[in-house]
Amino acid sequence: MTARLLRWLVVGAAALTLGSLALVVGYILIQGVPHLRPELFELEYTTQNVSMLPAIVNTLIMTAVSLAIALPLGVFAAVYLVEYARRGSRLVALIRITAETLAGIPSIIYGLFGLLFFVTALKMGFSILAGALTLALMILPLVLRTTEEALQAVPDLYREGAFGLGAGRLRTVFRIVLPSAAPGILAGVILAVGRIVGETAALLYTAGTVASFPKSILSSGRTLSVHMFALASEGLYVDQAYATAVVLLIVVFGINTLSGSIAKRIAKG
């Protein structure tokens, strides 16, 4: 009786989750797809066409720069914690607690820090670089923890076999452990990309809201989420905001699909 009850609870929870997701996605598609127009993808943004093409380019640039900063730091830090640091040490425990604490800080706090440090103290101004550095700080704990869990999931037999064949620790890490943990690491990357693409509050304080193609990473620019927020908050372009939400869903789905295919290829290789 208890097992059957738990089974129905699990099934009910799964159905509720999938239903809620389908409801949100379906509502966005119903509201946004009819308002997708060619003028929304023109090269230059104006108040007449409210083009989202510059925001799409800014989103891709912001994602690439943020991952280029956070991914190496998070992966190498996780490698140190799992492969080099003494297990059970206070340093490892402190780093883990710090990472979990940073992961729970609201994004608006990161935005205020980015405004005070990157924008003002370092005099970067409202720029893509300031926004990317702020987002890198936000996703760094996520990349660190997911990579650490992926490395810990690699059986110790792999390491012992490599050591037995005469491979050093560094060679073992880069030739055996990291390739085996690559699918788990990429799963963390997918989560990080989702947070980057969907972030709004932190970017309002650091990257700005200029709706144009950036001349460099020191130029201000708005991402798709900021673009959607700006259109919705003005109250004049609500339909275009729903259309932007549809494109945002497509971009996130495309990035996740690409990352998932890469993870499968690495796992098979």
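Definitions and limits used
- Per chain, residue numbering runs from 1 following the sequence as it is written.
- Thresholds applied to this predicted model are a pLDDT of at least 70 for local features of residues and 80 or more for the giving and counting of side-chain atom pairs; totals over whole chains, interfaces and linings are not thresholded and use all residues.
- To obtain the side-chain values, all non-hydrogen atoms of the structure were included, while hydrogens and water were left out.
- Runs of E in the DSSP output that reach at least two residues are strands. Runs of H or I that reach at least four are helices, and both are numbered from the N terminus.
- Summary of the burial criterion: residues with accessible area below 20% of their type's maximum are buried, those above 50% are exposed, and those between are partly exposed, where the area comes from a 1.4 Å probe applied to protein chains only.
- Where accessible areas are quoted, they stem from the Shrake-Rupley method and a 1.4 Å probe; at the residue level, only the protein chains shown are allowed to cover.
- Positive charge is attributed to Lys and Arg, negative charge to Asp and Glu, and no charge count is given to His or to the chain ends.
- For this purpose, a charge sits on NZ of Lys, CZ of Arg, CG of Asp or CD of Glu.
- Definition used in this section: a nonpolar core is a set of buried Ala, Val, Leu, Ile, Met, Phe, Trp, Tyr and Cys residues joined via side-chain atoms within 4.5 Å.
- Only heavy atoms enter the contact rule, under which two residues are in contact if any of them lie within 4.5 Å.
- Axis angles are defined between N-to-C directions and span 0 to 180 degrees, where every axis is a line fitted to C-alpha atoms and, for a helix, only to the segment in contact.
- For classification purposes, angles smaller than 35 degrees are called roughly parallel, those larger than 145 roughly antiparallel, those between 65 and 115 roughly perpendicular, and all remaining angles oblique.
- Each helix crossing is assigned a hand: it is left-handed if the near helix lies turned anticlockwise from the far helix by less than a right angle, otherwise right-handed if that turn is clockwise.
- Charged means Asp, Glu, Lys or Arg here, nonpolar means Ala, Val, Leu, Ile, Met, Phe, Trp, Tyr, Cys or Pro, and polar covers whatever is left, Gly included.
- Summary of the metric used: pLDDT quantifies the predictor's per-residue confidence within the range 0 to 100.
- Under the rule applied, a polar contact is a pair of N or O atoms within 3.5 Å (in protein, one hydrogen donor and one hydrogen acceptor; residues adjacent in sequence only if both atoms are side-chain atoms).
- Take a side-chain nitrogen of Lys or Arg and a carboxyl oxygen of Asp or Glu: if they are within 4 Å of each other, that pair is a salt bridge.
- Patch membership is restricted to residues that have no salt bridge and whose relative accessible area is over 30%. Joining uses 9 Å for like charges and 5 Å for the nonpolar side chains Val, Leu, Ile, Met, Phe, Trp and Tyr.

1. Overview of the overall build of the protein
1) Next: On a plain count of helices and strands, the protein comes out with ten helices and zero strands.
2) Next: Secondary structure elements of the protein, listed N to C terminal, follow the sequence α-α-α-α-α-α-α-α-α-α.
3) Next: Projected onto the principal axes, the alpha-carbon positions of the protein cover approximately 70 × 60 × 35 Å.
4) Next: Buried residues in the protein amount to 39% of all 269 residues.
5) Next: Total accessible area on the protein is roughly 14900 Å²; 70% of this is exposed by carbon and sulfur atoms.
6) Next: Between the mean site of the 19 positive side-chain charges and the mean site of the 12 negative ones, the protein shows a separation of 11 Å.

2. Overview of the nonpolar core
1) Next: Within the largest apolar cluster, 53 residues are counted, with the highest numbers of intra-cluster contacts made by Met-62, Leu-67, Leu-151, Leu-178 and Leu-224.
2) Next: Every element with two or more residues in this core is listed here: α2 (53–84), α3 (90–103), α5 (128–152), α7 (169–198), α8 (201–206), α9 (224–234) and α10 (238–268).
3) Next: Beyond its immediate chain neighbours, meaning those up to four positions away, Leu-151 contacts Ala-78, Val-79, Val-82, Arg-159, Val-177, Leu-178 and Ala-181.
4) Next: Core analysis: the second largest hydrophobic core is formed by six residues, Phe-118, Val-119, Met-124 and Ala-130 among them.

3. A closer look at the packing of helix α4 (residues 107–121) against α5
1) Next: Running from N to C, α4 and α5 cross one another at 135 degrees; their axes reach a closest spacing of 9 Å. As summarised for this structure, α4 and α5 are arranged oblique, according to the angle between their axes. Judged by the sense of rotation from one axis to the other, the crossing of α4 with α5 is right-handed. The segment α4 lies against α5, with Ser-107, Tyr-110, Gly-111, Phe-113, Gly-114, Phe-118 and Val-119 engaging Ala-130, Leu-133, Thr-134, Leu-137 and Met-138.
2) Next: Class assignment of the residues belonging to the contact of α4 with α5 gives a composition of eight nonpolar, four polar and no charged.

4. Quick word on the confidence of the model for the protein
As a general rule, the predicted coordinates of low-pLDDT regions are not to be interpreted in detail.
1) Next: Confidence in the prediction of the protein, expressed as mean pLDDT, is 88, and 98% of residues score 70 or more.
2) Next: Between the elements of the protein, mean pLDDT differs from a low of 81, seen in α10, to a high of 93, seen in α4.

5. Some points on the side chain of Arg-159
1) Next: Residue placement: Arg-159 occurs in helix α6 (residues 156–164).
2) Next: On the accessibility criterion, Arg-159 (6% relative accessible area) is buried.
3) Next: Polar contacts involving the side chain of Arg-159 include one to the main-chain carbonyl oxygen of Leu-151, which spans 2.9 Å.
4) Next: Separated by 2.9 Å, the side chain of Arg-159 and the backbone oxygen of Val-154 make a polar contact.
5) Next: Excluding residues within four positions of it along the chain, Arg-159 makes contact with Val-82, Glu-83, Leu-151, Val-154, Thr-172 and Val-177.

6. Topic: the pattern of salt bridges
Side-chain pairing between opposite charges can occur once the charged atoms of the two side chains come close.
1) Next: For the structure on display, the rule yields five salt bridges.
2) Next: Between Glu-148 and Arg-96 there is a salt bridge; the shortest N-O distance is 2.4 Å. Separated by 52 residues along the polypeptide, Glu-148 in helix α5 and Arg-96 in helix α3 bring together distant segments of the chain.
3) Next: Taking relative accessible area as the criterion, Glu-148 reaches 1% and is therefore assigned buried.
4) Next: Given a relative accessible area of 28%, Arg-96 falls into the partly exposed group.
5) Next: Residue Glu-100 pairs with Arg-145 through a salt bridge whose shortest N-O separation is 3.5 Å. Within this pair, whereas Glu-100 is found in helix α3, its partner Arg-145 is found in helix α5, the two being separated by 45 residues in sequence.
6) Next: The partly exposed category is assigned to Glu-100, whose relative accessible area is 48%.
7) Next: When salt bridges that share partners are traced, they join Arg-96, Glu-100, Arg-145 and Glu-148 into one network.

7. Concerning a nonpolar patch on the surface
1) Next: On the surface, a nonpolar cluster with roughly 610 Å² of combined accessible area is contributed by Phe-76, Tyr-80, Tyr-84, Leu-91, Leu-170 and Phe-174.
2) Next: Taken together, the elements giving at least two residues each to the nonpolar patch come down to α2 and α7.
3) Next: It is α2 that provides the largest number of residues to the nonpolar patch, a total of three residues.
4) Next: Along the chain, Leu-170 turns up in helix α7.

8. A few points about the packing of α2 against α7
1) Next: Taken N-terminus to C-terminus, the directions of α2 and α7 make an angle of 140 degrees; their axes are 9 Å apart at the nearest point. Between α2 and α7, the angle falls in the class oblique. Considering the relative orientation of α2 and α7, their crossing is right-handed. Contacts between α2 and α7 involve Thr-59, Met-62, Thr-63, Ser-66, Leu-67, Leu-71, Val-75, Phe-76, Val-79, Glu-83 and Tyr-84 on the former and, on the latter, Arg-169, Leu-170, Val-173, Phe-174, Val-177, Leu-178, Ile-185, Val-189, Ala-192, Val-193, Ile-196 and Val-197.
2) Next: Its residues assigned to classes, the contact of α2 with α7 shows 18 nonpolar, three polar and two charged.

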